[in-house]
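Each chain, written out:
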Amino acid sequence: MTPEPIIQVVKLTKAFPGEEGKNTTVLDEISFEVGREFLSIVGPSGCGKSTLLRIIDGLDQPTNGQVLFHGKPVTSPSPKIGVIFQNFALIPWKTVLGNVEMALASLPISKEEQIKTAKKYIQEVGLEGFETSYPKELSGGMKQRVGIARALALQPEVLLMDEPFSSLDALTAENLRREVLDI
C-alpha cells in the first residue's frame, strides 16, 4: 500500500493581473504529490517557482486549484511547513535572536523554551556570538543563515527552500547544505 502523500498540489493555477485587463498566468493546472522525499523544482527565472512555494506554504492563494497538507487544504502558513526564502525576510528592528525566536512565538512553548531553541539553531548555523546583532550589522551570508535558523527552529515536517544558499560563499553553503540534510 502506498503511503498517503504529505503534500498534494491539485490543478494549481496562478494568474496575475496584467496590462489592459489581461492576466498573466504563471502556473497553469500544475499537479503533483510529494511524500517523504526530496523534490527539486527547476526552471528559468520568472517561471513561477517562488510563487509555487508561497502557495504551498499558504503565504499566497492560487487563482484555481488547491494544495493539500496531509489531505487538508492549505489556506494559511503553518509551523509544520517551514520556508527558507531566497531573500532574507528579516525584521530589521529585531536582533538575530529576536528574528529566530519570532518564528516560535505561535507555538505552545514557554518563552524560556523559545529562547533555548532559537539559540540552539543560531549555533547550528554558525552564528553563535551574534545573537544581539541586528540585520544591518550582518553580511548577506549571515542574514541568510538567520533565515535558515528561523525556518529550522520550527522543526517543520516539510521544508521549502527557495534558493537558500545562493547568497552564501561556497564553503558556508556546503556546510549549511550538510547541516540541513542532517537536521
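Further up the page is the structure itself.
Below is a short write-up of the structure. Position numbers for residues start from 1 in each chain and track the written sequence from start to end. Thresholds applied to this predicted model are a pLDDT of at least 70 for local features of residues and 80 or more for the giving and counting of side-chain atom pairs; totals over whole chains, interfaces and linings are not thresholded and use all residues. Only heavy atoms go into the side-chain values, all of them from the structure, while hydrogens and water stay out.

This part is about the overall build of the protein. Under the DSSP-based scheme used, a helix requires at least four consecutive residues in state H or I and a strand at least two consecutive residues in state E, with every element numbered from the N terminus. Helices and strands together make up the secondary structure of the protein, namely five helices and six strands. Its helices and strands in sequence order give the protein the pattern β-β-α-β-β-β-α-α-α-β-α, from N to C terminus. For 183 residues, the compact-globule formula gives about 16 Å, and the C-alpha radius of gyration of the protein, at 17 Å, lands near that figure. With the C-alpha coordinates of the protein rotated into their principal frame, the extents come out at 50 × 45 × 30 Å. Within the protein, the fraction of its 183 residues that count as buried is 40%. For the protein, contacts bridging at least 24 residues in sequence account for 62% of all contacts bridging at least 6. The protein chains shown are the only cover counted for residues, whose accessible areas, like all others here, come from Shrake-Rupley with a 1.4 Å probe. As displayed, the protein has an accessible area near 10800 Å², and 52% of this comes from carbon and sulfur atoms. We treat Lys and Arg as the positive residues and Asp and Glu as the negative residues; His and chain ends play no part in the count. Charge placement uses NZ in Lys and CZ in Arg. For Asp and Glu, CG and CD serve respectively. Each charge class in the protein can be summarised by its mean position, and for the 19 positive and 23 negative side chains these summaries are 4 Å apart. A radius of gyration in this sense is built from C-alpha atoms; the matching globule rule multiplies 2.2 Å by the number of residues raised to 0.38. Partly exposed residues are those whose accessible area sits between 20% and 50% of the maximum for their type, while under 20% is buried and over 50% is exposed, using a 1.4 Å probe and protein chains only. Throughout, a residue-residue contact means that at least one pair of heavy atoms, one from each residue, lies within 4.5 Å.

In this section: the layout of surface pockets. Unoccupied space between atoms shows up once a probe the size of one water molecule is rolled over them. Two kinds of site are reported from a 1 Å grid over the protein atoms alone, namely cavities, where a 1.4 Å probe fits but cannot get out, and pockets, open sets with protein on both sides within 12 Å along at least five of seven lines, and residues are called lining when an atom falls within 4 Å of a point. Grid points are joined across faces, edges and corners, and a volume is the space filled by probe spheres set on the points. Volume-wise, the largest pocket comes out at about 1000 Å³. Forming the walls of the largest pocket are 30 residues, and the residues nearest its centre are Phe38, Leu39, Leu159, Leu160 and Met161. Counting residues per element, the ones that place at least two in the lining of the largest pocket are strand E2 (23–34), helix H1 (49–57), strand E6 (158–161) and helix H5 (170–182). Examining the composition of the lining of the largest pocket, we find that four residues originate from one element, E6, more than from any other. Three classes are used, and their members are as follows: Ala, Val, Leu, Ile, Met, Phe, Trp, Tyr, Cys and Pro are nonpolar, Asp, Glu, Lys and Arg are charged, and the others, Gly among them, are polar. For the lining of the largest pocket, the residue count by class is 20 nonpolar, three polar and seven charged. In this model, the second largest pocket occupies a volume close to 420 Å³. Contributing to the lining of the second largest pocket are 18 residues, with Asp57, Pro77, Val83, Phe85 and Leu154 lying nearest its centre.

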